[in-house]
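# Fold and contact review
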Amino acid sequence: TKVSTDRRTVLVTGSSGYLGQHLLSSLLNASDLDIDIIAMYGSLDSFSVADYNSNNNGSRVVEKVALDLSNAAAVSDFMSELKKKRSIDVLVHLAAISSPAVCERDPATAMAVNCPKYLIHSLPAETTIVFLSTDQVYDGKSAELYMETDDATPCNVYGRSKLAFERFLMKCRPDKSVCLRSSIILGPITPHACRKQTFLQFVFDRLQNKCPTQFYSDEWRSVVFVKDVCKVIEWYVRNANKQISTNSSDKAGVFNMGGPQRVSRVELAMEVASSCFPDMENVHDVVMSATRASLPAGDTPVPPDISMSSNKLEQLTGIRMMKLADMIKQSLG
């Protein structure tokens, strides 16, 4: 017997990751949402006992499911059983192999995990799909901020795997899918144990321990705050039935999702130093500027400048993305 359709069901993949943990907390603390959340995750054992209902306002995590997305048969079997019990109103697909270097070493696995076509085939036709894509679908050679209408010609396997899934969604479910091309996500630490925090925590630790570190001055991104990303996804969850439909296809499609500033890694590190260690002497002995172009080419191609405009998404949702200085204050105190 299916669960009552009065409550909507949201399936979140990658729930144990950095964004996944923040998103679960955000959805559970949204006072105007009343949803059941199915949290799918990989192999982080501690996530199975993590408490995500302590601030429950009506929404709840009803099930946590450990599944390997590269195992198509196991995931398809789970989805088949899930559909017998309840509707799946929204899929928020965050799970990915997000390390470009790992993707480059094993393209087949990267494509299997990052472009899981079988997952979409197992969904009901009415399900709204929110997919976390990447700014690395762009090649980084443009002299202007990237727009969604610019050519997507990724230079690495990671970007190509994400773009492949974007194109699959736009072909098979164009009016029910949104692809969010996210920049580097920054923010506070996760509520529970996580394999990896953000670049902010890395920079803070290097500064706190006065460890000399080279930061690139010739790579630029439109870094984005994790809570802004959660707000955007929340907006789609909240408006899934009425906003993403055949009659409102401008709400679906591809959107850049970055902050308002074009920032290099060394600029980001200096901003952390200025905010958190204003009295540090000889800061340039710790934050050392370097150019990737001056170093031998690595095994993983990296786009140099994939800063982008997110005006289209901001105009649609009304969510104004936070500036870097404010991200640092809210993340590192």
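Just so you know, these numbers come straight off a predicted model, no measurement behind them.

Scoring rules and cut-offs
Residues numbered from 1 in each chain as written. Predicted model: local features only at pLDDT ≥ 70, side-chain atom pairs only at ≥ 80, totals over all residues. Heavy atoms only, no water. Pairing = 2+ DSSP bridges. Helix = DSSP H or I, 4+ residues; strand = E, 2+ residues; numbered from the N terminus. Axes fitted to C-alpha atoms, helices over the stretch in contact; angles between N-to-C directions. Contact = heavy atoms within 4.5 Å. Expected span 1.5 Å × (residues − 1). Buried < 20%, exposed > 50% of the residue type's maximum accessible area, 1.4 Å probe, protein only. pLDDT = per-residue confidence, 0-100. Phe/Tyr/Trp six-rings, centres within 6.5 Å; stacked < 30°, edge-to-face > 60°. Disulfide = S-S within 2.5 Å. Salt bridge = Lys/Arg side-chain N within 4 Å of Asp/Glu carboxyl O. Parallel < 35°, antiparallel > 145°, perpendicular 65-115°, else oblique. Left-handed = near helix turned anticlockwise from the far one by under 90°. Right-handed = clockwise from strand over helix to strand, strands pointing away.

Turning our attention to the sheet that holds strand β3 (residues 60–66). If you trace the 7 strands from one edge of the open sheet to the other, you get β3-β2-β1-β4-β5-β6-β11, paired in parallel fashion. Looking at the sheet topology across the chains shown, the edges are occupied by β3 and β11 (253–257). Sheet twist, expressed as the average angle between the axes of neighbouring strands with direction ignored, equals 20 degrees. Where strand β2 (residues 35–41) and β3 come together, 6 bridges link them in parallel fashion. Note that in β3 the partner of Tyr-41 across the bridge is Ala-66. Helix α8 (residues 226–238) contacts β1 (8–13), β2, β4 (90–93), β5 (128–134), β6 (177–182) and β11 of the sheet and is inclined by roughly 175 degrees relative to β6.

If you check helix α6 (residues 157–172), its first and last C-alpha atoms are 22 Å apart, about what 16 residues at 1.5 Å a residue would give, namely 22 Å. Those residues of α6 that fall on the buried side of the exposure criterion are Val-157, Tyr-158, Gly-159, Ser-161, Lys-162, Leu-163, Phe-165, Glu-166, Phe-168 and Leu-169.

Time to look at the confidence of the model for the chain. Put simply, the chain has an average pLDDT of 92, and 94% of its residues get 70 or more. Per-residue pLDDT stays below 50 along residues 245–249; that stretch engages in 5 contacts with residues further than four places along the chain or on separate chains.

Following the criterion strictly, the structure yields 10 aromatic pairs and no others. Aromatic side chains Phe-47 and Tyr-52 sit 5.7 Å apart centroid to centroid with 50 degrees between the ring planes, which places their arrangement in the tilted category. Seen in terms of ring centroids, Phe-204 and Phe-277 are 5.1 Å apart; in terms of plane orientation they differ by 40 degrees. Their pairing is tilted. Of the two residues, Phe-204 sits in helix α7 (residues 199–208) while Phe-277 sits in the loop between α10 (265–276) and β13 (287–290), which places them 73 residues apart along the sequence.

Moving on, we come to unusual backbone geometry. In this structure, Lys-210 takes a positive phi of about 50 degrees despite not being glycine. As for its placement among the helices and strands, Lys-210 is situated in the loop between α7 and β8 (213–216). With a relative accessible area of 59%, Lys-210 lands in the exposed category.

Here the focus is the state of the cysteines. Within the structure shown, the criterion is met by 0 disulfides. No disulfide involves Cys-115; its sulfur sits 9.7 Å from the nearest other cysteine sulfur, which is in Cys-172. A relative accessible area of 8% means that Cys-115 is categorised as buried. The structure places no disulfide on Cys-230, whose sulfur is separated from the nearest cysteine sulfur, that of Cys-194, by 13 Å.

It is worth spelling out the environment of Leu-82 at this point. With respect to the element layout, Leu-82 can be found in helix α2 (residues 72–85). Its relative accessible area of 2% is what places Leu-82 among the buried residues. Placed 41 residues apart in sequence, Leu-82 and Leu-123 show a C-alpha to C-alpha distance of 9.9 Å. Not counting residues up to four positions away in its chain, the partners in contact with Leu-82 are Ile-38 and Ile-88.

So, on to the pattern of salt bridges. Per the counting criterion, the structure on display carries 13 salt bridges. Across the pair Arg-86 and Asp-36 runs a salt bridge whose closest N-O atoms are separated by 3.0 Å. Taken together, the positions of Arg-86 in the loop between α2 and β4 and Asp-36 in strand β2 put the pair 50 residues apart, joining distant regions of the chain. Connected through shared salt-bridge partners, Arg-7, Asp-34, Asp-36, Arg-60 and Arg-86 make up one network.

This brings us to the packing of α10 against helix α12 (residues 324–332). The N-to-C vectors of α10 and α12 enclose an angle of 55 degrees; their axes lie 10 Å apart at closest approach. Between α10 and α12, the angle falls in the class oblique. Crossing of α10 against α12: the hand is right-handed. Residues Leu-268, Glu-271, Val-272, Ser-275 and Cys-276 of α10 pack against Leu-324, Ala-325, Ile-328, Lys-329 and Leu-332 of α12.

Glancing now at the pairing of β6. Most of β6 is tucked away, with 6 of its 6 residues classed as buried. In β6, alternate side chains face the same way, and those of Ser-177, Cys-179 and Arg-181 on one face and Val-178, Leu-180 and Ser-182 on the other are all buried. Sheet topology places β5 next to β6; 6 bridges connect them, and they run parallel. Of the residues in β6, the one forming a bridge with Ile-129 is Ser-177. Considered for its hand, the β-α-β crossover made up of β5, α6 and β6 is right-handed. Taken together, the 5 bridges between β6 and β11 define a ladder with parallel strand orientation. Within the sheet, the bridge partner assigned to Leu-180 lies in β11 and is Phe-255.

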